[in-house]
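So you can see what is in the structure, the chains are spelled out below.
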Amino acid sequence: MLPPSRPAETFQLGGFVLPRLFTGLWQLSSNSWGSAPAARVRRQMATYAENGYTAFADHYGPAEILFGEFKEKWPQPDRIFGATKWCVFRHLDPGRALVEAAVQDRLDRMKTQRIDLLQFHWQNYEDLGYLAALHHLQDLQREGKIALIGLCNFDSVRMREICEELGPGGVVSNQVQFSLIDVRPLYAMADVCLKYNVKLLTYGTMCGGFLSDAWLGRDEPDLYSGSLTPSQRKYLDMIVKAWGNWTLFQSLLVVLRSIADKYEGMSIANIATRWVLDHPFVGAVIVGARMGVSEHTDDNRKVYGFRLSAEDRGAIETVLAQSNGARLIRTIGDCGAEYR
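Residues numbered from 1 in each chain as written. Predicted model: local features only at pLDDT ≥ 70, side-chain atom pairs only at ≥ 80, totals over all residues. Heavy atoms only, no water.

Participant: Would you take a moment to explain the packing of aromatic side chains for this structure?
Facilitator: The relative placement of two aromatic rings is captured by the distance of their centres and the angle of their planes. Counting across every chain of the model gives 23 aromatic pairs. Judged by centre distance (5.9 Å) and plane angle (45°), the ring pair of Tyr-125 and Phe-154 falls under tilted. Residue Tyr-125 is located in the loop between strand E6 (115-122) and helix H4 (129-142), and its partner Phe-154 is located in the loop between strand E7 (146-152) and helix H5 (156-166); the two are separated by 29 residues in the primary sequence. With a relative accessible area of 13%, Tyr-125 lands in the buried category. Stacked on the ring of Trp-215, the Lys or Arg Arg-218 has its end atom at 3.8 Å from the ring centre. (Phe/Tyr/Trp six-rings, centres within 6.5 Å; stacked < 30°, edge-to-face > 60°. Helix = DSSP H or I, 4+ residues; strand = E, 2+ residues; numbered from the N terminus. Buried < 20%, exposed > 50% of the residue type's maximum accessible area, 1.4 Å probe, protein only. Lys NZ or Arg CZ within 6 Å of the ring centre and 35° of its normal.)

Participant: Help me out: how do you make sense of the packing of helix H2 (residues 63-73) against helix H3 (residues 96-110) in this one?
Facilitator: Relative placement of two packed helices is described by the angle separating their axes and the distance separating the axes. At a closest axis distance of 7 Å, the pairing of H2 and H3 adopts a crossing angle of 50°. The orientation of H2 relative to H3 falls into the category oblique. Contact residues: H2 offers Glu-64, Ile-65, Phe-67 and Gly-68, while H3 offers Arg-106, Arg-109 and Met-110. Split into classes, the residues belonging to the contact of H2 with H3 amount to three nonpolar, one polar and three charged. (Axes fitted to C-alpha atoms, helices over the stretch in contact; angles between N-to-C directions. Parallel < 35°, antiparallel > 145°, perpendicular 65-115°, else oblique. Contact = heavy atoms within 4.5 Å. Nonpolar A, V, L, I, M, F, W, Y, C, P; charged D, E, K, R; others polar.)

Participant: Would you take a moment to explain the sheet that holds E7 for this structure?
Facilitator: The strand order around the closed barrel formed by eight strands is E3-E4-E5-E6-E7-E8-E9-E10, and the pairing between neighbours is parallel. Geometrically, the sheet is characterised by an average inter-axis angle of 30° between neighbouring strands, direction not taken into account. Pairing geometry for strand E8 (residues 173-177) and strand E9 (residues 199-203), over five bridges, is parallel. By the bridge assignment for E9, Val-176 is matched with Thr-202. Packing against the sheet, H3 makes contact with strand E5 (81-88), E6 and E7, and its axis sits at approximately 145° to E5. (Pairing = 2+ DSSP bridges.)

Participant: Would you take a moment to explain the nonpolar core for this structure?
Facilitator: Side chains that are nonpolar tend, in soluble globular proteins, to be buried together. If you look at the biggest cluster of nonpolar residues, it comprises 99 residues, and the most contacted ones within it are Phe-120, Leu-137, Phe-210, Ile-271 and Ile-316. Per-element accounting of this core gives the leading share, nine residues, to helix H8 (residues 246-260). In contact with Leu-137, other than residues within four places in its own chain, are Trp-86, Val-99, Val-103, Leu-118, Phe-120, Ile-146 and Ile-149. (Core = buried A, V, L, I, M, F, W, Y, C linked by side-chain atoms within 4.5 Å.)

Participant: Honestly, the pattern of salt bridges in this entry has me stumped. Any pointers?
Facilitator: For side chains of opposite charge, pairing can occur when their charged atoms come near one another. Scanning the model with the defined rule gives 24 salt bridges in all. The salt bridge partner of Glu-9 is Arg-274, with a shortest N-O separation of 2.4 Å. Residue Glu-9 is found in the segment before strand E1 (10-13), and its partner Arg-274 is found in helix H9 (residues 268-277); the two are separated by 265 residues along the sequence. What makes Arg-274 buried here is its relative accessible area of 0%. (Salt bridge = Lys/Arg side-chain N within 4 Å of Asp/Glu carboxyl O.)

Participant: Help me out: how do you make sense of the state of the cysteines in this one?
Facilitator: Put plainly, two cysteines are in a disulfide when a covalent bond ties their sulfur atoms together. What the rule picks out here adds up to zero disulfides. Considering cysteine sulfurs only, Cys-152 is the nearest to Cys-87, which forms no disulfide, with 5.5 Å between them. By relative accessible area, which is 17% here, Cys-87 ends up buried. The thiol sulfur of Cys-193 is not disulfide-bonded, and the nearest other cysteine sulfur, from Cys-163, lies at 8.1 Å. (Disulfide = S-S within 2.5 Å.)

Participant: Looking at this structure, how should I read the pairing of E9?
Facilitator: Each regular strand carries side chains that alternate between the two faces of the sheet. Taken across its five residues, E9 has four buried, putting it largely inside the fold. What joins E8 to E9 is helix H6 (residues 188-196), and the crossover it makes is right-handed. (Right-handed = clockwise from strand over helix to strand, strands pointing away.)

Participant: What should I look at first to understand the side chain of Asn-51 in this one?
Facilitator: Tracing the chain through its elements places Asn-51 in the loop between helix H1 (38-50) and strand E4 (55-57). One polar contact links Asn-51 to Arg-301, side chain to side chain, over a distance of 2.6 Å. (Polar contact = N/O pair within 3.5 Å; in protein donor to acceptor, adjacent residues only side chain to side chain.)

Participant: Can you walk me through helix H11 (residues 310-320) in this structure?
Facilitator: In an α-helix, one turn spans 3.6 residues; hence positions three or four apart end up facing the same way. Here H11 has its buried residues at Asp-312, Ile-316, Val-319 and Leu-320. Along the axis of H11, the buried positions cluster into a sector of 100°, meaning they face one direction only. Opposite the buried face of H11, at more than 90 degrees from it, the exposed residues are Ala-310, Glu-311 and Thr-318. Structurally, H11 contributes buried residues whose contacts are with helix H7 (230-243), H8 and H9. (Arc of directions from axis to C-beta.)

Participant: Help me understand the environment of His-91 in this model?
Facilitator: The residue His-91 is located in the loop between E5 and H3 in this model. Along the backbone, His-91 and Thr-331 are 240 residues apart, and their C-alpha atoms lie at a distance of 27 Å. In terms of polar contacts, His-91 uses its side chain to reach the side chain of Asp-127, at 2.8 Å.

Take a look at the structure:
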């Protein structure tokens, strides 16, 4: 259990009270992040739950199946929260039967009668079928197959449209990228969240591990070297081609390290995560876990129980002001535009 000196922070999402750190399972999608036997992955899920990390997210690879097997055997399954996705990347007619089949597939894989949070992604905004699909999801929610409906990588304009269409509580969350490097949610997305009581579940908050002590003082890596994970290649490309350059990034790490030194035992990753959590429209940060390969539960727990000071935020902003971060909303587009 969590030590009493560092109580877990929680937030309200619908009828659930959840930790502000979710465990992301997307790294189960590929051996590029390392691999482990299923039994070891399930044991590590249990270790996470024992340490207060009771919320898990994502559907890639065998993630839903392994989560379902783990939760089924957990002594208190009602205390384990699972967020999965339904992602639509091609044109389809979202009739009731098709939507219900997609939901049932997730129910079967997760070995459950009800999905805690179904996050919906729709690739082509020009195809307004996403509104019909969401209405069918609402019907299935009323029938008890879904507890909460969320979005994944929807932009501010469509999120506002969906909130108006579905009514209060229709969607409770949007999973988007948010970090010291990618600050796009600070703009229109934040306003929509606050108006409609939608919480962001953020990923990419540590930029694939680049926002950590491990990269402080190191030379810029080769983007195409075999030593980088898929996540690291993605975020390195953003850091040096869209946000700024490696020299400025090192300046950011130096500032984060100086702030961490003010707080006992803190790491650069802790400060980067805390910066995101300190925004009121953020519900939780989803921390990617290399299940069965490595784990950072002790370090991640340190983000609980403190907040950055105005001085800390000012020091960080001094570096961010030298970057292209504020312009990413124009050069890349709103949240999720990089996938379209």
